Amino acid sequence: MQDNNNISEFEAGNIHVIKNKELSIWEALIPVVLLICLLVYNIGFVDDQEWFGTYTNQIILLLGGAIAAIVGLLNKVSIQIMLKEIWENLKSVFIPIIILFLVGALAGTWLISGVIPAMVYYGLQVLNPSIFLPASVIICAIISIATGSSWTTSATVGIALVGIGTALGIDTGMIAGAVISGAYFGDKMSPLSDTTNLAPAMAGTDLFTHIRYMSMTTVPTLVVTLVFFTVLSLNVETSGKADLGDLLSTIASTFNITPTLFVVPVVVIVLILFKTKPVLALTIGVLLAALFAFIFQTSVLDILSGSGYEAIVNAIFTETQITTENETLNELFSSGGMEGMIWTILLIISAMVFGGIMDGIGALARITKSLLKLFHTTFGLFASTVASCLAINFSASDQYLAIVVPGKMYAKAFREKGLAPENLSRTLEDSGTVTSVLIPWNTCGAYQSGVLGVDTLHYAGYAIFNWLSPFTTLLFAALSIKIRQLTDK
């Protein structure tokens, strides 16, 4: 810490001003290092990784903020300055939090209106043994875009595809790799995904700008993935046929399935393409889906509640569960509504508190300054961001923190380089979200392995989309392809 010789004092009118000297890099890193230590302890030594219950990650971030505050107080930074920076940070994520609530409402209304079931129903019908692997990628991509969840996709359709593919004699690692590749493509690109909302919130851009900009690296990566699995499918011998009759009949008997339901997502996509404000586009998506629920799914509304209006309200605000005769589909046909977004929203708020205090004491500025000295090129900054996301996925074992911590650390560094914030948000997703599933002890890797029944290291090599994504974003940076400058805005 700094002693009194490092502090200059002067009088400005009647106000006594104390100006603290810039933190040393080691002082600036103390909160970050201790934060990582707390996370590693939680992962390695606490049962169920819930040291403080469901909101352990949020509490650890707040503890990290408390540590940063202590560092600031010891360096004569006033509490008022820290509180001001926290408030500025919280104001910056007000709209993203509103969007997250709308995303929860959208997921609930798209479920009870039959939009999500229709996507699953028509998606499953593209299966053919000769192109089973690329078809699995496409199916999981469609369903993950519709649900915004790679976990739900794997736990439902993914399990079914592994069973079908195994019956056809295809290696389980290949099938799981295809499932995960498609699921994480949809997870990245869906406006319903929590990570897709989290990344732009951390970087300082908006949801739809993030999705449009991310498609520049994500779509080419998916194309390469599909080519790989197509070639692989043509060289894999299969036997038998894919039996999906039970799944399809259950969906058809539970919901009124019709292509007309796709009007809802098409309208939202068109609004996005015309650069409609995210809050307005998502609100229209919720209202239109609610209308379609009354028109097409009256039997579903009757099952959920005695009143159709009550069923719609519940789908928007709270958890909705549609029970079918097929256990595999029951988890897919559930939604948490706005209530289901509270965990992610509290994570964002906790990250803003941590980041605000780090801003207030000058720690993030000091870290940024050191980073810019280490990485004089744009490529170096991108590479550093990718490496940081990978390091946190390995050490903290959580994809959310692999987005939150680097996002707050590098936001100023990208601005200092004159880079638009969507460069950072895209890099966070390309390296933080998708690589988590490749690490056996990461929450995502452990979950996918357990659900699909395939060892993480067995499917990791076939999860082409996931390990190729960081290389794609680095290639774009190295060749200066679609690297948007702040002056372009």
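Residues numbered from 1 in each chain as written. Predicted model: local features only at pLDDT ≥ 70, side-chain atom pairs only at ≥ 80, totals over all residues. Heavy atoms only, no water.

**Notes on unusual backbone geometry**
Of note in the backbone geometry, Lys76 takes a positive phi value of approximately 65° without being a glycine. On the secondary structure map, Lys76 appears in the loop between helix H2 (56-74) and helix H3 (79-92). Look at Lys76 and you get partly exposed, because its relative accessible area is 42%. A positive phi angle is found at Lys482, which is not glycine, with a value near 50°. Counting through the fold element by element, Lys482 comes out in the segment after helix H24 (464-478). (Helix = DSSP H or I, 4+ residues; strand = E, 2+ residues; numbered from the N terminus. Buried < 20%, exposed > 50% of the residue type's maximum accessible area, 1.4 Å probe, protein only.)

**Some words on the environment of Leu248**
Looking at the secondary structure, you find Leu248 in helix H11 (residues 245-254). Leu248 gets classed as buried once you look at its relative accessible area, which sits at 17%. For Leu248 and Pro117, which are 131 residues apart along the polypeptide, the C-alpha to C-alpha distance reads 9.9 Å.

**Some thoughts on helix H9 (residues 194-203)**
With 10 of its 10 residues buried, H9 lies for the most part within the structure. Close packing links the buried residues of H9 with helix H4 (94-112), helix H8 (172-189), helix H10 (207-234), helix H17 (342-360), helix H20 (399-416) and helix H21 (421-433). Looking one or two places after H9, you find Gly204, whose phi comes out positive at around 100°. (Contact = heavy atoms within 4.5 Å.)

**As for a nonpolar patch on the surface**
The grouping of Tyr41, Phe45, Trp51, Phe52, Tyr55, Ile59, Leu63, Ile342 and Leu346 at the surface amounts to a nonpolar patch, some 770 Å² of accessible area in total. Residue assignment for the nonpolar patch shows that the elements contributing at least two residues are helix H1 (25-45), H2 and H17. Take Ile59: its relative accessible area is 30%, and that puts it in the partly exposed class. (Patch = residues over 30% accessible without salt bridge, like charges linked within 9 Å, V, L, I, M, F, W, Y side chains within 5 Å. Areas by Shrake-Rupley, 256 points an atom, 1.4 Å probe, with all protein chains shown as cover. Salt bridge = Lys/Arg side-chain N within 4 Å of Asp/Glu carboxyl O.)

**Overview of the nonpolar core**
Counting residues in each nonpolar core, the largest one holds 151 residues, and the members touching the most others are Trp110, Phe132, Leu133, Met202 and Ile361. No other element matches H20, which puts 11 residues into this core. Leaving out residues up to four positions away in the same chain, Ile361 has contacts with Leu23, Ala68, Val71, Gly72, Val77 and Met82. (Core = buried A, V, L, I, M, F, W, Y, C linked by side-chain atoms within 4.5 Å.)

**What about the side chain of Gln448?**
Mapped onto the elements of the fold, Gln448 is located in helix H22 (residues 443-452). Residues within four places of Gln448 in sequence aside, it is in contact with Ser150, Trp151, Ser154, Ile180, Tyr184, Val437, Gly453 and Tyr459.

**Section: the packing of H20 against H21**
The N-to-C vectors of H20 and H21 enclose an angle of 150°; their axes lie 10 Å apart at closest approach. With respect to their mutual orientation, H20 and H21 come out roughly antiparallel. For the element pair H20 and H21, the recorded crossing hand is right-handed. Between H20, through Gln399, Ala402, Ile403, Pro406, Gly407, Tyr410, Ala411 and Phe414, and H21, the contact on the second element is made entirely by Asn423, Leu424, Leu428, Gly432 and Thr433. Of the residues contributing to the contact of H20 with H21, the split by class is eight nonpolar, five polar and no charged. (Axes fitted to C-alpha atoms, helices over the stretch in contact; angles between N-to-C directions. Parallel < 35°, antiparallel > 145°, perpendicular 65-115°, else oblique. Left-handed = near helix turned anticlockwise from the far one by under 90°. Nonpolar A, V, L, I, M, F, W, Y, C, P; charged D, E, K, R; others polar.)

**As for the pattern of salt bridges**
By the definition in use, this model includes three salt bridges. Put simply, Glu88 and Lys91 hold a salt bridge, and the shortest N to O gap is 3.3 Å. Note that Glu88 and Lys91 are positioned in helix H3 at a spacing of three residues, about one turn of the helix. Taking relative accessible area as the criterion, Lys91 reaches 43% and is therefore assigned partly exposed. The closest approach of N and O atoms between Glu422 and Arg484, which form a salt bridge, is 2.9 Å. Here Arg484 lies in the segment after H24 and Glu422 lies in helix H21, a separation of 62 residues in the sequence. Among the residues examined, Glu422 registers a relative accessible area of 1% and is labelled buried.

**A short note on the confidence of the model for the protein chain**
Per-residue pLDDT for the protein chain averages 83, and the proportion of residues at 70 or more is 89%. Here strand S1 (residues 8-12) is the element of the protein chain with the lowest mean pLDDT, 37, and H24 is the one with the highest, 95. Below pLDDT 50 for its whole length, residues 1-19 participates in 28 contacts with residues either more than four positions away or in separate chains. (pLDDT = per-residue confidence, 0-100.)

**Considerations on the environment of Thr166**
Mapped onto the secondary structure, Thr166 falls in helix H7 (residues 150-167). Here Thr166 falls in the partly exposed class, since its relative accessible area comes to 41%. Beyond its immediate sequence surroundings of up to four residues, Thr166 is in contact with Thr172 and Ile175.

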